[in-house]
Structure formats: structure tokens, C-alpha cells
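# Analysis of the macromolecular model
Okay, here's what each chain looks like letter by letter:
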Amino acid sequence: MDGGAGAKRLIAVSNRLPIRIIREGRGYRCLPGAGGLVTALAPVLRDRGGLWIGWTGSPYEKGHELLLESASKETGYGLVPVPLDNEDERDYYYGFSNEIIWPLFHDLQTRCKFNPRYWYRYLSVNKKFALKVKENAKVGDYVWVHDYHLMHCGFFMKKIGLSLRVGFFLHIPFPPVDIFLKLPWRKKVLEALLHYDLLGFQTMRDKRNFLNSLSALVPGVKLKRRGAVSTVEYLGRKIRVGAFPISIDYKGFVRDCDSKEVADAAWYLHEALPDRQVIIGIDRLDYTKGIPERFFAFSDALSRFPELRGRVSLVQVVVPSRTEVPEYQELKREIERLVGEINGKFTQSGWVPIHYLFRSLDRVQLLAYYRLAEIALITPLKDGMNLVCKEYCACNLEHRGVLILSEFAGAATQLHSGALMVNPYDIEGVSKAIFTAYSMPRPERKKRMKRLRQIIKKKDIFWWVNTFLNAAFSKDLKDFPRESVEEYIPLR
Ligand code: GDG
């Protein structure tokens, strides 16, 4: 894979390192991180002898560096920790990132806590990250910063005198201008982002929202909006802005899913749910994922279409996340109350409507659920992309599954032609889609699933890395025709 012509090394910077440090007895152990980003970037970093800079996710302790050094030998690229203390974790991570930017950028501004203390800590932590880059970077390196925690990292890199090329990718949506305007530090955030050379968003809509906010809030910017990659001129700098929909390691999922281990696990799990279609929902515990709304729709479907009773089971996996935050604890209670209520109302001898799992599955179990489920119900209220729906399709080796997908997932831009599209707030609409999916004849399922899998196969995670890096290094904007990224607007 091309790691970017001209770049000596690639330096990835993200809030979290692609490994986890866990306590073991009196010492610590490093475990590899999972996920698409690691799969995609690891070979590029290894190939170029690159570095990954980030937080370990736990308070810094002596010995972490040694541990990471030996882990680096296994990964084939350097792992550089950014030590954060408890106040950093509280005000930068939980505070600014997850109580302000996360809800605001998912259009849920009433959940934001605009505490000024969070802002100052966010700035100081972004500076820490920039200093770590400076300590470790060499002339000719390309720095690729990830996500909403680090929007100011590029600004601080320039401020402390680093003149490396630096790109940024936002994994979550960028909100419409009237929502972004609520952010007390709106102009400062936009101006900081303009210190990156390339800004990547998940969809054309996110990119357009960002450009509209720039036009509204930053006087003096000149926009050239033509093509999938636009340019912004500001204070003598040229910034490229593009839409690059992230994806999955499609072939890796197909390969692993095709194993005997996964096939056996899928068979055992489905045997426990005989004579019925399994509907799967897999989400991190998060209010953006629309889990309670999904339960309302499922309950409506069981009332409205009694033939579904005993014939479908919803397996809802909720992966623990941010569980120290009171709002997430409250969401967990709400989910568990609804599971109890719906199961209490509909359960019959030999059939329970919702099977609820509050834990992380291992990869074999995850793939087994993907493989066995006849329907995937992916209904986030808003989502940057949503990888679960792509993984589900990749694992649908027999083309038997139906994808029900929220119009407000970034993935809608690519998958709308094969999925049943729903508005997650429309309880009756989602309920009817569940029934449509349940009754869909085999040939139509096959046709739709084949289409979905082709789309994901063509634009996989390696396509994503290459497209971003090409945009970072290419000199010619005509290399990025508008058609390379689709746009989806509901009702059109
Ligand atoms: C952010 C944006 C954007 C889930 N359950 C288990 C498990 N998972 C894995 C899935 C998938 C990942 O977690 C979840 O990715 P999503 O994309 O669905 O959601 P976020 O975590 O919110 O990610 C999102 C993404 O960044 C990438 O840019 O798409 O919009 O919010 O890969 O497989 N993995 C295992 N067990 C589980 O139980 N092993």
C-alpha cells in the first residue's frame, strides 16, 4: 500500500493508542487493540516504520514506556504514550470531548455541558499531544490526527514551530451551522482546524456543514467547492477539505467469518432460537445509537403484526462504554427497564422477544451473530459512519440477511440502495420496516445483499486510507471527481 509518496514516515495521532494496558497481578500487560482503524493503518505504519501517538487510557505509571517499547517490537511501529492525569481525563476526555463535542456534533445540544473549565483543559491536553509529536517527529514525516478530541492539535503543532504536513479526519458527524453556532468556542475551533493541510469528513453532508460554518463564522475565507475535495484559502494557507467514508477490512471479515469455528458458533446460537428469524442490534452503550427508540419500534411491531410473535427474536448486544458517566448509567437503566417491560408483556412459553447482552463479545461470537441473523436493525439517531452495518453485510456469506438502516448513519450515503431505510424517530415506520424485512422473499434478500456487499468490497478500509493519503499528497484536484463520493438525501 502507498503510504503517501514523499512522506518518510506516517505518524498517527489519536486520543487512544491502538493497544490496551491492563493490570495483571502486580504488573501490567499490553493487549492489542481491535478495530478498522488499527487494521488499516498498521500495515502502512509498519511499512514506513511509523509511529502511533496517543493515550493509554489509564493514568500514567512508571513502567508504561518500557512496556510500550517491547509492544512496539511486536507491532512493527512505535507506540508513544501521551501521559494524562486524572484532571485531564475528567475535563478533556469526559468533559470537553464527551459532554460537549460528542452530543453537539450528534445534534443533541440539550445534552451539552458548556463548562469553561473543560475548554481550557482541552486546549492544554491538545498542546501536550502537539509537544509529543514535536519530540518524536522528523523532517519529512506526515502526521495524521484523528477525531474530535484533537481538533486543536494541528494549531499547537504550528504554534510550537513544527512545519510538517498534517491531516485530520473527523470520525463523527459535523453538525449543521445552526447547531454548531451553539458552541461558545465555535470560531476558535474552526480557526484551529484551518491549521491542518487536509481535513477529512465521513460524508459530503458533513463536509458541506463544515464549509457552511466556515462561511458564516470566519470572515476572509475563500472557498472553492468544486469536486469531492474542495479548497479553502485562509491567511495565505491552502487547506483541502474532502469526504472520505471510512470502511472495514472486508476481505478480513469474509475470511474469518468463513471459518468452521464461526459456522459452528452460529449454528449453536441459532439452534437455541429455533424456527424464528433473529434480528440483531449491536451498539456501544450510547444515547446516539437510538436503542430505546428501537425497542419502542420492536414493541410496536409485535403489537401491530401479531404473526411476528414467536417468529422473531431481537438479540441486542450493548457494549459497555463511558460507564462512569451518570447519563450513560441512566441510559443503561432505561434500556434494562424497557427490556423487562417488553419481555414481560409479550413472552410466551418457549419464546422471549428480546435477548439482551450487556458485554463485549469475542470476535468469533460477534461474527457468529452477524452470520446467523436474518435481519440487522441499525437505527442510530445520528452516526458518523457506523461500521456494524458494513460488518454485518460482509459476514452475510449466504446473502440471506436484510439490513434496516437509519437515514442518519453516515453509511446511508453508500448503502441506501440495498438497505431498508428508516427514520429512527419514526416508531411506526421502523415497526413496518421490521415486518417488511421479516416477510421479504429470498430472491429479493439475495439481490439487495449482493448489492450491499459489492459496494462495501469496492470501498473498503484500504481504499479509505489510500484515498485520504492520495488527497494529502496529490497535487491535482481533478484526481478527485465528484462522483467518487455519493450523497444521500432522504426522500429525494
Ligand atoms: C466511531 C463513530 C464511525 C461492537 N461490539 C463489539 C465489537 N464492536 C465493534 C464493531 C465495530 C465497532 O465496535 C463499532 O464501530 P461503529 O462505527 O459502529 O461505532 P463507534 O464506536 O461509535 O465509532 C462511528 C467510527 O468511529 C469509525 O469512523 O463509524 O460513526 O461514532 O467495529 O465490530 N467488537 C467486539 N465485540 C463486540 O461485542 N469484538
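Since this is a predicted model, take the numbers as computed values, not measurements. (Residues numbered from 1 in each chain as written. Predicted model: local features only at pLDDT ≥ 70, side-chain atom pairs only at ≥ 80, totals over all residues. Heavy atoms only, no water.)

## Considerations on the sheet that holds strand β16 (residues 402-406)
- Within the open sheet, the 6 strands sit side by side as β14-β13-β12-β15-β16-β17. Their pairing is parallel. Each of the sheet's edge strands pairs with one partner strand only, and the pair in question is β14 (354-358) and β17 (420-422). For this sheet the average axis-to-axis angle between neighbouring strands, irrespective of direction, equals 20°.
- On the sheet, helix α13 (residues 363-372) packs against β12 (277-284), β13 (312-319) and β14 and is oriented at approximately 135° with respect to β12. (Pairing = 2+ DSSP bridges. Helix = DSSP H or I, 4+ residues; strand = E, 2+ residues; numbered from the N terminus. Axes fitted to C-alpha atoms, helices over the stretch in contact; angles between N-to-C directions. Contact = heavy atoms within 4.5 Å.)

## Some details on the environment of Met157
- If you trace the backbone, Met157 turns up in helix α5 (residues 153-159).
- For Met157, a relative accessible area of 1% corresponds to the buried category.
- With 30 residues separating them in the primary sequence, Met157 and Lys127 have C-alpha atoms 7.7 Å apart. (Buried < 20%, exposed > 50% of the residue type's maximum accessible area, 1.4 Å probe, protein only.)

## A short note on the layout of surface pockets
- There is about 230 Å³ of room inside the second largest pocket.
- Forming the walls of the second largest pocket are 19 residues, and the residues nearest its centre are Arg205, Lys382, Glu407, Phe408 and Ala409.
- For the lining of the second largest pocket, the secondary-structure elements that each account for two or more residues are α8 (204-217) and α15 (412-415). (1 Å grid on protein atoms, 1.4 Å probe; cavity = no way out; pocket = protein on both sides within 12 Å on 5 of 7 lines; lining within 4 Å. Points joined across faces, edges and corners; volume = space filled by probe spheres on them.)

## Description of the site of the ligand
- In the region of the ligand, 19 residues are neighbours, and His171, Leu361, Asp383, Leu387 and Glu391 sit closest.
- Asp383 places a side-chain nitrogen or oxygen 2.6 Å from an oxygen atom of the ligand.
- Looking at the shell around the ligand, the elements with two or more residues in it are β12, α13 and α14 (388-394). (Near = heavy atom within 4 Å. Polar contact = N/O pair within 3.5 Å; in protein donor to acceptor, adjacent residues only side chain to side chain.)

## Structural notes on the side chain of His149
- The residue His149 is located in the loop between β6 (142-146) and α5 in this model.
- On the basis of relative accessible area, His149 is assigned to the buried category, the value being 8%.
- Separated by 3.4 Å, the side chains of His149 and Tyr148 make a polar contact.
- Each residue touching His149, except ones within four places of it in the same chain, is listed here: Asn15, Tyr92, Tyr93, Ser97, Tyr122 and Asn126.

## Some points on the packing of aromatic side chains
- One pass over the full model with this rule turns up 29 aromatic pairs.
- Ring centres 4.2 Å apart and planes at 5° place the aromatic pair Trp144 and Phe468 in the stacked group. One end of the pair, Trp144, is in strand β6; the other, Phe468, is in helix α18 (residues 461-473), and 324 residues separate them in sequence.
- By relative accessible area, which is 0% here, Trp144 ends up buried.
- Residue classification places Phe468 among the buried positions, given a relative accessible area of 0%. (Phe/Tyr/Trp six-rings, centres within 6.5 Å; stacked < 30°, edge-to-face > 60°.)

## Re the domain arrangement of the chain
- For the chain, the assigned domains read domain 1 (10-246 + 461-487) and domain 2 (250-458).
- A C-alpha centroid distance of 30 Å is found between domain 1 and domain 2.
- The interface is formed by 22 residues belonging to domain 1 together with 19 residues belonging to domain 2.
- Across the domain 1-domain 2 interface, the total number found is 3 salt bridges. (Domains from an automatic or database assignment. Salt bridge = Lys/Arg side-chain N within 4 Å of Asp/Glu carboxyl O.)

## Regarding the sheet that holds strand β5 (residues 78-81)
- Taken in spatial order, the 9 strands make up an open sheet running β5-β4-β1-β6-β7-β8-β11-β10-β9, and their pairing is mixed. Each having just a single partner strand, β5 and β9 (222-224) make up the two edges of the open sheet. Ignoring which end each strand starts from, the neighbouring axes of this sheet average 20° apart.
- Sheet topology note: the strand β7 (residues 165-169)/strand β8 (residues 198-201) ladder contains 3 bridges and is parallel. Its bridge partner lying in β8, Gly167 is registered against Leu198.
- Lying over the sheet, α18 contacts β1 (10-16), β6, β7, β8 and β11 (237-243), oriented at roughly 125° with respect to β6.

## Remarks on the pattern of salt bridges
- Counted under the stated rule, the structure contains 30 salt bridges.
- A salt bridge links Lys158 to Asp197, with the nearest nitrogen and oxygen atoms 3.9 Å apart. A residue pair is termed long-range when its members are at least 10 positions apart, and Lys158 in helix α5 and Asp197 in the loop between α7 (186-193) and β8 qualify at 39 residues.
- A relative accessible area of 28% places Lys158 in the partly exposed class.
- Ionic contacts of the salt-bridge type, sharing partners, join the residues Asp85, Asp88, Arg121 and Lys128 into one network.

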